[in-house]
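# Chain and residue survey
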Amino acid sequence: KPAPVEFSVTGLPPEAAALGFSATPASGKVEPGKSVPITFAFRPSTASLSSSNLGIISAFGVSQWTQTTCTLVLKGGSPPPEHPEITVVVHGFIPTGKALADAEAETVAEVGAMATPRGGAKGAKGGKKK
């Protein structure tokens, strides 16, 4: 009988979360035949970058990319997930300090993030009926 898969995003370093990296939802359940989108985001702020080397470089007018790694853990399911642990690398773009400050002033700071799964998995799916 098909069974749901539980998922959780683990291993997001505290310093990465402080810079503005996040995963939503960070945990949950996927029913058989359904899917649950997980959004990996990077939303830096002037305040979050102020005490980091990344913020210093940004303040000098140099935009840059940063990244962090976390793990998507899948448990349960019938049949069980082919890849129970998936490494996810999340890349985030840090604009120049002025561009970031301007975006914050307009409250439109939707700075993008791109997640790349490693291991060939396409996401968390519950077991399918046979």
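About the cut-offs
Residues numbered from 1 in each chain as written. Predicted model: local features only at pLDDT ≥ 70, side-chain atom pairs only at ≥ 80, totals over all residues. Heavy atoms only, no water. Helix = DSSP H or I, 4+ residues; strand = E, 2+ residues; numbered from the N terminus. Buried < 20%, exposed > 50% of the residue type's maximum accessible area, 1.4 Å probe, protein only. Contact = heavy atoms within 4.5 Å. Areas by Shrake-Rupley, 256 points an atom, 1.4 Å probe, with all protein chains shown as cover. pLDDT = per-residue confidence, 0-100. Core = buried A, V, L, I, M, F, W, Y, C linked by side-chain atoms within 4.5 Å.

Helix and strand content of the protein chain: 4 helices and 7 strands. Secondary structure elements of the protein chain occur, N-terminal to C-terminal, as β-α-β-β-β-α-α-β-β-α-β. Here the protein chain holds 130 residues, and 32% of them are scored as buried. Across the protein chain, the fraction of contacts at a sequence separation of at least 24, relative to all contacts at a separation of at least 6, is 68%. Accessible surface for the protein chain amounts to roughly 7700 Å². Of this, 57% is attributable to carbon and sulfur atoms.

Averaged over the protein chain, the pLDDT score is 80; the fraction of residues at 70 or greater is 79%. This model gives residues 107–115 a pLDDT under 50, and the stretch forms 25 contacts once residues within four places in sequence are excluded. Confidence drops under pLDDT 50 across residues 119–130; counting only partners more than four residues distant or on other chains, this segment forms 31 contacts.

With that settled, the discussion passes to unusual backbone geometry. Look at the link from Thr24 to Pro25: it is a cis peptide, with omega at -10 degrees. Checked against the element boundaries, Pro25 lands in the loop between β2 (21–24) and β3 (27–30). Cis geometry marks the peptide bond from Ser78 to Pro79, where omega comes out at 5 degrees. Note on placement: Pro79 falls in the loop between β5 (64–78) and β6 (85–94).

On to the nonpolar core. With 21 residues, the main nonpolar core has Val9, Phe40, Leu72 and Val88 as its most contacted residues. Counting residues per element, the ones that place at least two in this core are β1 (3–10), α1 (14–19), β2, β4 (39–42), β5 and β6. Considering each element in turn, this core owes the most residues, 4 residues, to β6.

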